[in-house]
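Survey of secondary and tertiary structure
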Amino acid sequence: MNLHEYQGKSILKSFGVNVPLEIVADTPEKAVEAAKEIKLKTGSEKWIIKAQIHAGGRGKGGGVKLAKTIDEVKEIAKKMIGMQLVTHQTGPEGKKVKKILIGQNAYYPGESEPEEYYMGVLLNRATGRNTVMYSTEGGVDIESVAEKTPHLIYKEEIDPKVGIQAFQARKIAFNLGLSGKAFKEMVKFVVALYKAYENSDFSLLEINPVMKTSDGNILAVDCKVNLDDSALFRHKDYEEMRDISEEDPAEVEAGKYGLNFVKLDGNVGCMVNGAGLAMATMDIIKLSGGDPANFLDVGGTANAETVEAGFRIILKDPNVKAILINIFGGIVRCDRVAQGVVDAYHSVGNISIPVIVRLQGTNAEEGKKLIDDSGLKVFSAITLQEAADQVNKLVV
């Protein structure tokens, strides 16, 4: 589950991570009130205004602005709230901005120039350890840094038995070239950041940039957070932060039925039980000349209702030219899936695209008989290769 920037920062702050004073607003009037409150508390006479959407690259798309007066705050808020913000991560359709974040200007003058760093925490699946990844090159795409100057990216792996150690936090601060007050503040920042990551069951935490202010403070100026869905039962308060308007409607609907669904850009809809089998099915579709339009795992408890729901979700994609149903009956019974296919046909109405059904395992023969006797335009297959050949014949 993704969070908005302001939500992620509220969690970080609860663990002692320093963040700028910021207030979220959903109207120009509230934006003005927020700016006045920030000025009163910090003395800041410039404000950073950020669109709150689940996508990166907001600055390049016009979703991050600097206001120098209260009037500018209001004008920017009027234009930004309700705009369709397009970035390299939203696709050409963009995302509608419903809330903005008004924050104090952290680039204030002082004894030294402000500096920006990159810092992220994520799981290194190769080693099975959480890793702090950081760089002196903050404020830019970390992918570009990795490609052009990989030597400027550092990694610190954390032993899960003992967690992050003080010497590791000091090493990070040293590699970032810090000294004095900024060095000490960075050590505290890193420890608090990792604590937030571990205790909140984040799957990704990215701060770009981490800022050293002109007076040596360390701030999380930006924040990207992904939560592990499987751990949300431990964080009911985080679950309430979910913004389904930012998610794909088909994936939201699938979640209501306990279906694991991910939309793709292909032309062959997939309905499979088991993630591994789903990946193999997507591979065989690709090898047959088609392109998978989705990943849909109905799981081991598939029944007529969930199969029908899966049908409806897949059929909402206008790019789908055929549907391949590939079921291995281990826990799930193939005849139940077959009955779901028949019921879906009658319930949904006229399904104009071909449906290929491959059933193997428990009650596979009964399932095939249900399909064959239904009189519906359904193509049955025994082997995965037969199913692939049908895809090739009907789609390519």
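Conventions adopted
- Residues numbered from 1 in each chain as written.
- Predicted model: local features only at pLDDT ≥ 70, side-chain atom pairs only at ≥ 80, totals over all residues.
- Heavy atoms only, no water.
- Helix = DSSP H or I, 4+ residues; strand = E, 2+ residues; numbered from the N terminus.
- Buried < 20%, exposed > 50% of the residue type's maximum accessible area, 1.4 Å probe, protein only.
- Contact = heavy atoms within 4.5 Å.
- Areas by Shrake-Rupley, 256 points an atom, 1.4 Å probe, with all protein chains shown as cover.
- Lys, Arg positive; Asp, Glu negative; His and termini not counted.
- Charge placed at Lys NZ, Arg CZ, Asp CG, Glu CD.
- Salt bridge = Lys/Arg side-chain N within 4 Å of Asp/Glu carboxyl O.
- Axes fitted to C-alpha atoms, helices over the stretch in contact; angles between N-to-C directions.
- Parallel < 35°, antiparallel > 145°, perpendicular 65-115°, else oblique.
- Left-handed = near helix turned anticlockwise from the far one by under 90°.
- Nonpolar A, V, L, I, M, F, W, Y, C, P; charged D, E, K, R; others polar.
- Pairing = 2+ DSSP bridges.
- Phe/Tyr/Trp six-rings, centres within 6.5 Å; stacked < 30°, edge-to-face > 60°.
- Core = buried A, V, L, I, M, F, W, Y, C linked by side-chain atoms within 4.5 Å.

1. What to know about the overall build of the protein chain
- On a plain count of helices and strands, the protein chain comes out with 13 helices and 18 strands.
- The C-alpha extent of the protein chain, read off along each of the three principal axes, is 80 × 50 × 40 Å.
- Looking at the 396 residues of the protein chain, the share that counts as buried comes to 48%.
- Long-range contacts, defined here as pairs at least 24 residues apart, represent 66% of the contacts in the protein chain between residues at least 6 apart.
- Accessible surface, the protein chain as shown: approximately 19,300 Å² in total, 50% of it carbon and sulfur.
- With 48 positive and 54 negative side-chain charges, the protein chain shows a separation of 3 Å between the mean positions of the two kinds.

2. Section: the environment of Thr306
- Mapped onto the secondary structure, Thr306 falls in helix H10 (residues 304-315).
- The exposure class of Thr306 is buried, given its relative accessible area of 10%.

3. Re the pattern of salt bridges
- For the structure on display, the rule yields 22 salt bridges.
- With its nearest N and O atoms 3.0 Å apart, the salt bridge here joins Lys41 to Glu37. With Lys41 and Glu37 both in helix H2 (residues 28-42), this residue pair falls four residues apart, about one helical turn.
- Given the relative accessible area of 56%, Lys41 is considered exposed.

4. Topic: the packing of H10 against helix H11 (residues 334-348)
- In the contact formed by H10 and H11, the axes pass within 8 Å of each other and the chain directions differ by 50°. Classified by the interaxial angle, the pair formed by H10 and H11 is oblique. The handedness of the crossing between H10 and H11 is right-handed. From H10, Ala304, Val307, Glu308, Phe311, Arg312 and Leu315 reach across to H11, where they touch Arg336, Val337, Gly340, Val341, Asp343, Ala344, Ser347 and Val348.
- The residue makeup of the contact of H10 with H11, split by class, is eight nonpolar, two polar and four charged.

5. Section: the sheet that holds strand E6 (residues 100-104)
- With respect to topology, four strands assemble into an open sheet ordered E1-E6-E2-E3, the strand pairing being antiparallel. What marks the edges here is a single partner per strand, and that holds for strand E1 (22-25) and strand E3 (64-67). Taking the axes of each pair of neighbouring strands and ignoring which way they run, one obtains an average angle of 25° across the sheet.
- Note: strand E2 (residues 47-51) against E3, four bridges, orientation antiparallel. Each bridged residue has a counterpart across the sheet, and for Ile48 the counterpart in E3 is Leu66.
- Strands in contact with helix H1 (residues 5-14) are E1, E2 and E6; relative to E1, the strand with the most contacts, it is inclined by about 145°.
- The sheet contacts of H2 involve E1, E2 and E6, and relative to E6 the element is tilted by about 20°.

6. Remarks on the packing of aromatic side chains
- Under the defined criterion, the tally for this structure stands at three aromatic pairs.
- Their ring planes at 20° and their centres at 5.3 Å tell us that Tyr134 and Tyr154 sit as a pair that is stacked. Remark: Tyr154 occurs in strand E9 (residues 153-157) and Tyr134 occurs in strand E8 (residues 129-135); sequence separation between them is 20 residues.
- Chaining the aromatic ring pairs together yields one cluster made of Tyr194, Tyr197 and Phe202.

7. A few points about the packing of helix H5 (residues 166-175) against helix H6 (residues 180-199)
- Running from amino to carboxyl end, H5 crosses H6 at an angle of 130°, the nearest separation of the two axes being 8 Å. Classified by the interaxial angle, the pair formed by H5 and H6 is oblique. Considering how the two elements wind past one another, H5 and H6 form a crossing that is right-handed. Here Ala169, Arg170, Ile172, Ala173 and Phe174 of H5 come into contact with H6, specifically with Phe183, Met186, Val187, Val190 and Val191.
- Here the residues of the contact of H5 with H6 sort into nine nonpolar, no polar and one charged.

8. Comments concerning the nonpolar core
- Residues Leu12, Met119, Met186, Phe189, Leu193 and Leu205 are the most contacted members of the largest nonpolar core, which totals 40 residues.
- Of all the elements, H6 adds the most residues to this core, at ten residues.
- By size, the runner-up hydrophobic cluster in this structure holds 32 residues, among which are Leu296, Val307, Ile314 and Ile327.

9. Regarding H1
- Those residues of H1 lying buried are Glu5, Gln7, Gly8, Lys9, Ile11 and Leu12.
- Just past H1, the residue Gly16 takes up positive phi, approximately 90°.

10. Observations regarding unusual backbone geometry
- Of the consecutive residues Asn208 and Pro209, the connecting peptide bond is found in the cis state with omega at 15°.
- One non-glycine residue, Asp201, adopts positive backbone phi at about 60°.
- Tracing the chain through its elements places Asp201 in the loop between H6 and strand E10 (202-212).
- Judged by relative accessible area, Asp201 falls into the buried class, the value being 17%.
- Even without being a glycine, Asn363 presents a positive backbone phi close to 60°.
- Note that Asn363 resides in the loop between strand E17 (355-361) and helix H12 (364-372).

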